[in-house]
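Spelled out from the first residue to the last, the chains are:
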Amino acid sequence: MYIRFGNLEAACFLFGAMPQRNVASWSTMISGYVKLGLFSSAVGLFRKMQENGVELNGFVLASLVTACVRSEIMMSDGIQVHGLVIKVGLCADVFVSSALLHLYGLLGFLTEARQFFNEMSERNIVSWTSLMVGYSRNGEPEASVRIYQEMKRQGVISNTNTLATVVSSCSLLEDVSLGLQVLAHIVMLGLDTNVSVTNSLIFMFGSFGNMEDAVSIFETMEERDLISWNSVISAYSRNGYCEESLKYFGLMRRVNVGIDSATLSSLISACSNVDNLKWGRGIHSLVIKVGIETLVCIGNTLITLYAMSSGPSNIEKVFYSMSERDVISWNSMIASYIQTGQNKKALELLSEMLCSEKERNHVTFASSLAACSYPEELFMGKMVHAVIISSGSHKNLLVGNALITMYSNCGAMDEATRVFQTMPETDLVTWNAMIGGHVENEEGEHAMKIFNQMREAGIRANYITLVNVLGACSAPKDLLKYGMSIHGFLVTSGFEVDNHVKNSLLTMYAKSGDLDSSNFIFNRLERKNVVTWNAIITANAHQGHGEEATKLFLRMQREGLELDQFSILGGLVASSSIGLLEEGQQLHCLIIKLGFEVDLLLSNALMDTYGKCGKMDDVLKIFPEIGKRSRLSWNILISMFARHGSFSKARETFQEMVKTGIKPDYVTFVSLLSACNHAGLVDAGLNYFYSMSSKFRILPRIEHCVCIVDLLGRSGRLLDAEKFITEMPVPPNDLVWRSLLAACKIHRNLDIGKRVAEELLLLHPGDDSAYVLLSNIYATNGKWDAVERIRSHMQLNEVKKKPACSWIKVWNEVSAFGVGDRAHPQANEIYAKLEELLQMIKAAGYVADTSFVLHDTDEEQKEQNLWNHSEKLALAYGLISTPKNSTIRVFKNLRVCGDCHSVYKFVSGSVGREILLRDPYRFHHFSGGKCSCSDYW
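All values reported here derive from a predicted model rather than from experimental measurement.

Draft legend 1. The arrangement of the pairing of strand 4 (residues 915–918) in detail. By the alternation rule, side chains of strand 4 split into Ile915 and Leu917 and Leu916 and Arg918, which are all buried. By the bridge criterion, 4 bridges tie strand 3 (residues 888–892) to strand 4 in an arrangement that is parallel. Residue pairing in the sheet places Ile888 in a bridge with Ile915 of strand 4. Each parallel crossover has a hand, and the one from strand 3 via helix 51 (residues 898–911) to strand 4 is right-handed. Summarising the sheet, strand 4 and strand 5 (residues 923–927) pair through 4 bridges and their orientation is antiparallel. Bridge pairing links Leu916 to His925 in strand 5. Between strand 4 and strand 5, which pair antiparallel one after the other, the connecting turn spans 4 residues.

Draft legend 2. Quick look at the pairing of strand 3. The element strand 3 is extensively covered by neighbouring structure, given that 4 of its 5 residues are classed as buried. Where strand 1 (residues 806–810) and strand 3 come together, 2 bridges link them in antiparallel fashion. Bridge assignment links Ser806 to a residue of strand 3, and that residue is Lys892.

Draft legend 3. Inspection of helix 29 (residues 476–493) at higher detail. Here helix 29 spans 24 Å end to end across 18 residues, near enough to the 26 Å set by a 1.5 Å rise per residue. Taking the largest bend as the criterion, helix 29 deviates by roughly 45°, centred on Tyr482. All buried positions along helix 29 are accounted for by Asp478, Leu479, Tyr482, Gly483, Ile486, His487 and Leu490. Packing partners of the buried residues in helix 29 comprise helix 27 (444–456), helix 28 (463–471), helix 30 (499–511) and helix 31 (515–524). Once helix 29 ends, the next one or two residues include Gly494, with phi positive near 85°.

Draft legend 4. Seen up close, the packing of aromatic side chains. Following the criterion strictly, the structure yields 23 aromatic pairs and no others. Ring geometry for Phe654 against Tyr688: centres 5.8 Å apart, planes inclined by 85°, an arrangement best described as edge-to-face. With a gap of 34 residues between them, Phe654 in helix 39 (residues 647–659) and Tyr688 in helix 41 (residues 682–694) connect regions that are remote in the sequence. Assigned by exposure class, Phe654 and Tyr688 land together as buried. Counting every residue linked through ring pairs, the aromatic cluster contains Phe218, Trp229, Tyr236, Tyr241 and Tyr248. Its guanidinium or amino end placed over the ring of Phe218, Arg224 lies 4.4 Å from that ring's centre, counting from NZ or CZ. Against the face of Tyr921 rests Arg895, its NZ or CZ located 4.0 Å from the ring centre.

Draft legend 5. Spotlight on the sheet that holds strand 4. Read from one edge to the other, the open sheet built from 6 strands follows the order 2-1-3-4-5-6, with strand pairing classed as mixed. The open sheet has two edge strands, strand 2 (813–817) and strand 6 (930–931), and neither has a second partner.

Draft legend 6. Molecular detail of the packing of helix 25 (residues 413–422) against helix 26 (residues 428–440). Viewed as axis vectors pointing N to C, helix 25 and helix 26 meet at an angle of 165°, and their least axial separation amounts to 11 Å. Taken together, the axes of helix 25 and helix 26 lie roughly antiparallel to each other. Helix 25 and helix 26 meet at a crossing whose hand is left-handed. Residues Met413, Ala416, Thr417 and Phe420 of helix 25 form the contact with helix 26, whose own contacting residues are Thr430, Trp431, Met434, Gly437 and His438. When grouped by side-chain class, the residues that make up the contact of helix 25 with helix 26 number 5 nonpolar, 4 polar and no charged.

Each value, and the rule that gives it
- Residues numbered from 1 in each chain as written.
- Predicted model: local features only at pLDDT ≥ 70, side-chain atom pairs only at ≥ 80, totals over all residues.
- Heavy atoms only, no water.
- Buried < 20%, exposed > 50% of the residue type's maximum accessible area, 1.4 Å probe, protein only.
- Helix = DSSP H or I, 4+ residues; strand = E, 2+ residues; numbered from the N terminus.
- Pairing = 2+ DSSP bridges.
- Right-handed = clockwise from strand over helix to strand, strands pointing away.
- Expected span 1.5 Å × (residues − 1).
- Bend = angle between axes of the 7 residues up to and from the residue.
- Contact = heavy atoms within 4.5 Å.
- Phe/Tyr/Trp six-rings, centres within 6.5 Å; stacked < 30°, edge-to-face > 60°.
- Lys NZ or Arg CZ within 6 Å of the ring centre and 35° of its normal.
- Axes fitted to C-alpha atoms, helices over the stretch in contact; angles between N-to-C directions.
- Parallel < 35°, antiparallel > 145°, perpendicular 65-115°, else oblique.
- Left-handed = near helix turned anticlockwise from the far one by under 90°.
- Nonpolar A, V, L, I, M, F, W, Y, C, P; charged D, E, K, R; others polar.

Shown next as structure tokens:
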């Protein structure tokens, strides 16, 4: 009686005063200690009982095993108790065996637990439930459900604990149908009003996302306990309803129900985003007030709270203030470092765990691998892989999938394939990771091969599989070879209605050069969501249809759709692609209005937009403050300095980036090499190229090799460029050969030019640039017969030269010009201005450079042809249409010719205007008769 009412002092006094004690007295006292959580005292009393020679019974041993189960530090002692049970011959006692079964289940010894269960001579409902609990708690809810079904077939009637366990298993499986069947069984047994069962039902419906039924069950409960309130708060929290979680917490406090760590953990989780951080801080204060901040579960949820919504300093404060940490604490801290881009700290924490022999699990390794998912971290990733193998965790499915993802992100698909081939088991995530990895590394054929193997293995694809497979088609040849057949598969398999798949289908057709089909699919859609609009806007922008993309963005706004970050990102890509500064500025205002200015992705996109519109001063204003700069932020700044011809600033930015601890990646070096290229700094470029692999462990990619070939070729070192191609670590592609061919044109080297053109045409027989550049080389060498042969060959094979186009925006309208274009409404004024400019700059010393006219005509005609160039027409229009003190911004789709470059310099000096010219490669800032490129471009 005293124990039942929690009066341990009176119970101990009475037990000590007893002149005689039998086994029942000892058993009751030991059981009382266990019920009150005094597990060490229970074991101590048991030892005294043995010393007094009292005969053991099943009740005592069952209590002793329960003490070991409930005390986490004594669980291993339970195995010794099992030995004692065997010694005294009480294995057949159903209460003892059920307690032992529960022990082995919680220890994770499921095979031993099942074997022990099968050997039990007598089983009761507690035995069955203990086995179910063991499987459910060890992440095998399916096995738990199978045991429940087996128990029903044998006619064993469930109790409340059994039903609560099977309901929890249905929650873990997210199997709605099975959950409803169990609910029907609960109603049939008349246990639907039992508190523990209804609590588990609230949890289950919350797991299904069915908050209506979860709340309905809670509201109709005749009796509620602390777990009931925790269950409904937790259900709201897991489904992202912060306000509702806080509302029920308020109601709970009003009815004077006590709170515990589970209550506050759920509330902290509910507040784990930026918008709800203030509420999270409030709950943190309550945690301190209640005095449970030292609890591990509270510390873990606080780490997650600050990782989702605050800076790394808050996370570290929580982690290092925890007096005790479990594996979840360490895993959460590693994950938070990765989430905030502090991969080095994440790996240092893993190293600390390994050195101090802290407990780690498959989640530890899977999270740590995410910190190595960059090409420059491949070596570190291999080291973590070695640790995984030595720990035996490489056989774990989650770890195997993480290894494939890590190697894929590092561009090491051979290693990813080896991991895939040696995995003892695979799932859909594994196959998706392999397909996605090949797609990310531009290995479309390999991706399709894996997809076909997956289908042959009978694995059913999901929308992620098909999004990845559609991503494998990024060229016109892919569309015919794979794309259309995949589209047919989507239709027959019913995936065509999936929004993610539809959006990827739009992108696939656009990337394959069939933008008409993308627009056709888009226009046929009855319901277009934000993601669909984002996809078509981005598709048009990336395919060079920036003006159309901008119009689509405006249409999207008029449709009244709620813009998200990706909508604005699409608008910025469209604006930057054709240099629409005003539109970019308007989007900047919209970002501020919508509260997205803290979004790093949009900040980086804004930097890119202002940089591509020629506004470097605005790029520097937006560059994030120290501590918030991502690697992408640094890369964009270096790239923009490179495009604007500021090598010294690009180099200084790179040095500052390395000093702050941000590791450069392959993109960083592409920008650096481009900066060297634009400045003609061959030695500096070669130094960066070789230090990339020797110092920063970044393997050269084709983009780096293109930069080096262009750098050597444009500086006149054509033989060195040709030799470099033969020694490249990657096979040369069309960009490599085209860069060298362009250099041969600059230096009029016909011998190398012919060899290079042959290589380029072997790769791409229909490449117009190969014919045009070779024709230009023949023309500059005066071999007009060869020029005519090439042009005739192009006509015969229907190879068309990409037409030059320049555009300028004046008074909210973009005007585009082709060569000799007279379609503009102000054409007469434009050509009159051109004639005026010609006379003006001739007086200033201009002489037409007719070497850029590649037709066999007289000098006068050549000069006339030069003055038909699109960038001259755009300049003339800008001069007659813009205020005198404003900067003229002209954009061109091809590299500016030498004569036009000279004209721009003369005009800037003669009229006293600043002129900005952007071609696909760089910016030219003209002012006072000079250009920022110093005539090297």
